[in-house]
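Listed below are the residues making up each chain.
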Amino acid sequence: QVQLVESGGGLVQPGGALRLACAASGSIFHIYTMGWYRQAPGKQRELVAAITTGESTNYADSVKGRFTISRDNAKTTVDLRMDSLKPDDPAAYYCNADIEPLRTMFRRNYWGQGTQVTVSS
């Protein structure tokens, strides 16, 4: 069984920084694109950042220059470094990954349970 587990959310002051981490576990053959999404109350879930196996990255315009996504393929982890946090950034942040489990020969999209980020003075 494949799982994504996030950690690192919390409360930070405006202008502060947080680092989110996500670890994939289970019977995994290959992990393709990994990413972070967020969903604020009353809003749709949106892509924050994504990174391919070859470490090409894609960011939402609202976080470019402030957030950095990285991955460690050996450890099957993806991190999101968030700097200069703004009042618009609070949301539940979700890890996402396209994963091919062992002995399946197909890929499936997985979600973590989410971690809350709060920005407040």
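Described in the following lines is the structure provided in the data block. (Residues numbered from 1 in each chain as written. Predicted model: local features only at pLDDT ≥ 70, side-chain atom pairs only at ≥ 80, totals over all residues. Heavy atoms only, no water.)

### Remarks on the packing of aromatic side chains
Evaluated as defined, the whole model comprises two aromatic pairs. Centroid distance Tyr 37 to Trp 111: 4.9 Å. Interplanar angle 65°. Geometry classified as edge-to-face. One end of the pair, Tyr 37, is in strand S4 (residues 28-39); the other, Trp 111, is in strand S10 (residues 108-111), with 74 residues separating them in the sequence. For Trp 111, a relative accessible area of 37% gives the class partly exposed. On the numbers, 6.4 Å between centres and 85° between planes, the contact of Tyr 94 with Trp 111 is edge-to-face. (Phe/Tyr/Trp six-rings, centres within 6.5 Å; stacked < 30°, edge-to-face > 60°. Helix = DSSP H or I, 4+ residues; strand = E, 2+ residues; numbered from the N terminus. Buried < 20%, exposed > 50% of the residue type's maximum accessible area, 1.4 Å probe, protein only.)

### Digging into the state of the cysteines
Tallied over the full model, the rule gives one disulfide. Linked covalently through their sulfurs, Cys 22 and Cys 95 form a disulfide whose S-S length is 2.1 Å. The sign of the S-S torsion, about -80°, decides the handedness of the disulfide formed by Cys 22 and Cys 95: left-handed. Of this pair, Cys 22 sits in strand S3 (residues 18-25) while Cys 95 is found in strand S9 (residues 91-101), placing the two residues 73 residues apart along the sequence. The burial state of Cys 22 is the same as that of Cys 95; both residues are buried. (Disulfide = S-S within 2.5 Å.)

### Overview of the pairing of S10
Note: S9 against S10, four bridges, orientation antiparallel. Across the sheet, Asn 96 pairs through a bridge with Trp 111, a residue of S10. What sits between the antiparallel neighbours S9 and S10 is a turn of six residues, in which Arg 103 has the positive phi angle 60°. (Pairing = 2+ DSSP bridges.)

### Quick notes on the pattern of salt bridges
A full pass over the atoms with the stated rule returns six salt bridges. Linking Asp 79 and Arg 19 is a salt bridge whose minimum nitrogen-to-oxygen distance equals 3.5 Å. One end of the pair, Asp 79, is in strand S8 (residues 77-82); the other, Arg 19, is in strand S3, with 60 residues separating them in the sequence. A salt bridge links Asp 89 to Arg 38, with the shortest nitrogen-to-oxygen separation between them at 2.9 Å. Within this pair, whereas Asp 89 is found in the loop between S8 and S9, its partner Arg 38 is found in strand S4, the two being separated by 51 residues in sequence. Like Arg 38, Asp 89 is buried. (Salt bridge = Lys/Arg side-chain N within 4 Å of Asp/Glu carboxyl O.)

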